[in-house]
Amino acid sequence: MIITHLSLTNFRNYASLEFDLPPHIMVLQGDNAQGKSNLLEAIYILATSRSPRTVSDRELINWDAFQEEIPTCRIASLVRKAGNDLRLELALSAKAATPPRSDDLFSRWQPTNRSSPVQKRIRINGVIRHAADLIGQLNVVTFSVYDIDLVGGEPALRRRYLDITNSQIDHRYLRYLQRYNRILWQRNQLLRMIAENKANPDELAFWDQQLVEKGAYLIVQREHTVAALNQLAQDIHEELSGGQGKLNLVYLRSIDKQRGKEDSEVKQTSEVFTKALQEAREKEIAQGMSLVGPHRDDLRFFVNDIDAGIYASRGQQRTVALSLKLAEAKLMLSATKEHPILLLDDVLSELDARRRHHLLGSAASYQQVLITTTDLDRFEPDFLAQASIFRVSQSHIEPLSA
Ligand code: ATP
Ligand code: MG
């Protein structure tokens, strides 16, 4: 699939932008703070319905739009997929902040700082749809300097990564995830009420069964995905590191502290999950929260049997992260039979020549890849010769004749 047209209205620094995207390789060159990352962010939001950074949706709306009564931003694109045109659109509307009152002398008035809700409206081919319907329409794989946090950062980042990747591939996963999160929330409420003697522990049976039904599927799907990513990432890592170190991705289940298996099944996992809930019951009531399940699982990366999240150097962690992302793109292609769109945000400066060469070579095998950079010198001339080069400057995009 490829994006053929993108239109931004009041999205971050872009008041209004319309442009046609070239197929294959698009290099976006620009100085700092011109809007390169924001452009890729807009595409990511169309793919996943949310920003990759954990910000409030309000921040996405152009500051100037807060002069209007209903500040609204809009991201729209035309996608060419399996021979068909697909129109995807996402709009965010915020209530305008009330201007400062005259007696409000020393408080700082900040239009983007308020917490009133932002309404999200999604259209697919002109028809209003749910956010969940958007996911899987436009598939993207992002590469950024923050990828390294996947290896060394908090487990929650890795769970989020697995959730987004699985949701793009498997619609059932997304549905189950939404339900699981709701059930989890309700079950936690109940646990707190039981702890305060305001509810009967017998009521847990219903929620346990719900939690297990959705959760077991999530665990098994994640295990399958991790096994597939592992296979792909091992070869890539081998090449990127020049044969130095064997990579191993390991999914760690909280329900039995086991390493995930390639062939695990929902039925058997449900039984283990149920037993784990029984064993954790007392502790869960005491703490007032659910302590086992996919929301407590983790994904670890081992290089030569050493936990890379703890012991690897920054460079080694970066190589692991890059292997993972390239594996993800391959997995997405084989699982959906469609090329994902690759979004590379300013990643070249952090890589040595060998890794850069490998990354760009692999990226060029996809139908469409967008790469931002401050500096065209980072590319080999052969690569630039295949690319369409654009300059991003002051919220405008112009083709750059080489
Ligand atoms: P760098 O090379 O430093 O990564 P960049 O070209 O990727 O720069 P962006 O991250 O895209 O830059 O940001 C461009 C500008 O958009 C920044 O100056 C930022 O302050 C501005 N910006 C962010 N959010 C908004 C918003 N809601 N309204 C207006 N401007 C915004
Ligand atoms: Mg940037």
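The preceding data block contains the structure.
Residues numbered from 1 in each chain as written. Chains lettered and ligands numbered in written order. Predicted model: local features only at pLDDT ≥ 70, side-chain atom pairs only at ≥ 80, totals over all residues. Heavy atoms only, no water.

Draft legend 1. Up close: a positive patch on the surface. There is a patch of like positive charges on the surface, built from Arg172, Arg175, Arg179 and Arg182. In this fold, Arg175 is placed in helix 5 (residues 171-195). (Patch = residues over 30% accessible without salt bridge, like charges linked within 9 Å, V, L, I, M, F, W, Y side chains within 5 Å. Areas by Shrake-Rupley, 256 points an atom, 1.4 Å probe, with all protein chains shown as cover. Salt bridge = Lys/Arg side-chain N within 4 Å of Asp/Glu carboxyl O. Lys, Arg positive; Asp, Glu negative; His and termini not counted. Charge placed at Lys NZ, Arg CZ, Asp CG, Glu CD. Helix = DSSP H or I, 4+ residues; strand = E, 2+ residues; numbered from the N terminus.)

Draft legend 2. Structural context of the sheet that holds strand 11 (residues 306-307). With antiparallel pairing, the three strands of this open sheet are ordered in space as 9-10-11. Since the sheet does not close on itself, it has two edges, and those belong to strand 9 (247-252) and strand 11, each with one partner. As paired strands, strand 10 (residues 298-303) and strand 11 are joined by two bridges and run antiparallel to one another. Bridging from a neighbouring strand, Phe302 pairs with Asp307 of strand 11. (Pairing = 2+ DSSP bridges.)

Draft legend 3. Representation of the packing of helix 4 (residues 155-169) against helix 9 (residues 314-336) in the model. Contact geometry for helix 4 and helix 9: axes closest at 10 Å, N-to-C directions at 25°. The angle between the axes of helix 4 and helix 9 places the two elements in the roughly parallel class. Considering the relative orientation of helix 4 and helix 9, their crossing is right-handed. Along its contact with helix 4, which presents Tyr161, Thr165, Gln168 and Ile169, the element helix 9 presents Leu324, Lys325, Glu328, Leu331, Met332, Ala335 and Thr336. Looking at the contact of helix 4 with helix 9 residue by residue, the classes come out as six nonpolar, three polar and two charged. (Axes fitted to C-alpha atoms, helices over the stretch in contact; angles between N-to-C directions. Parallel < 35°, antiparallel > 145°, perpendicular 65-115°, else oblique. Left-handed = near helix turned anticlockwise from the far one by under 90°. Contact = heavy atoms within 4.5 Å. Nonpolar A, V, L, I, M, F, W, Y, C, P; charged D, E, K, R; others polar.)

Draft legend 4. Local environment of the packing of aromatic side chains. Applying the stated rule across the entire model yields three aromatic pairs. Ring geometry for Phe206 against Trp207: centres 4.9 Å apart, planes inclined by 80°, an arrangement best described as edge-to-face. Classification of Trp207 as buried rests on a relative accessible area of 19%. The ring of Tyr217 has Arg172 sitting right over it, with the charged end atom 4.4 Å from the ring centre. (Phe/Tyr/Trp six-rings, centres within 6.5 Å; stacked < 30°, edge-to-face > 60°. Buried < 20%, exposed > 50% of the residue type's maximum accessible area, 1.4 Å probe, protein only. Lys NZ or Arg CZ within 6 Å of the ring centre and 35° of its normal.)

Draft legend 5. Main features of the site of ligand 1. The full set close to ligand 1 counts 15 residues, and Asn32, Ala33, Lys36, Ser37 and Ile61 are the nearest of them. A distance of 3.1 Å separates an oxygen atom of ligand 1 from a polar atom in the backbone of Gln34. The separation between a nitrogen atom of ligand 1 and a polar main-chain atom of Glu59 is 2.9 Å. Burial of ligand 1 by the protein chains amounts to 75% of its free accessible area of 660 Å². Its residues placed into classes, the shell around ligand 1 shows three nonpolar, eight polar and four charged. (Near = heavy atom within 4 Å. Polar contact = N/O pair within 3.5 Å; in protein donor to acceptor, adjacent residues only side chain to side chain.)

Draft legend 6. Up close: the sheet that holds strand 5 (residues 84-94). The sheet built from six strands is open, its strands ordered 2-1-4-5-6-7 with antiparallel pairing. Strand pairing shows two members of the sheet lacking a second neighbour, strand 2 (14-20) and strand 7 (127-129), which therefore form its edges. The mean inter-strand angle of the sheet, taken between neighbouring strand axes irrespective of direction, is 20°. Pairing of strand 6 (residues 118-124) with strand 7, which is carried by three bridges, proceeds in the antiparallel orientation.

Draft legend 7. A look at the pairing of strand 10. Across the six residues that make up strand 10, a large majority, six, are buried. Burial along strand 10 is two-sided: the face carrying Asp298, Arg300 and Phe302 and the face carrying Leu299, Phe301 and Val303 are both buried. Of the strand pairs in this sheet, strand 9 and strand 10 are connected by six bridges, and their pairing is antiparallel. Note on strand 10: the bridge partner recorded for Leu249 is Phe301. Counted along the chain from strand 10 to the antiparallel partner strand 11, the turn is two residues long, and its residue Asn304 has a positive phi close to 50°.

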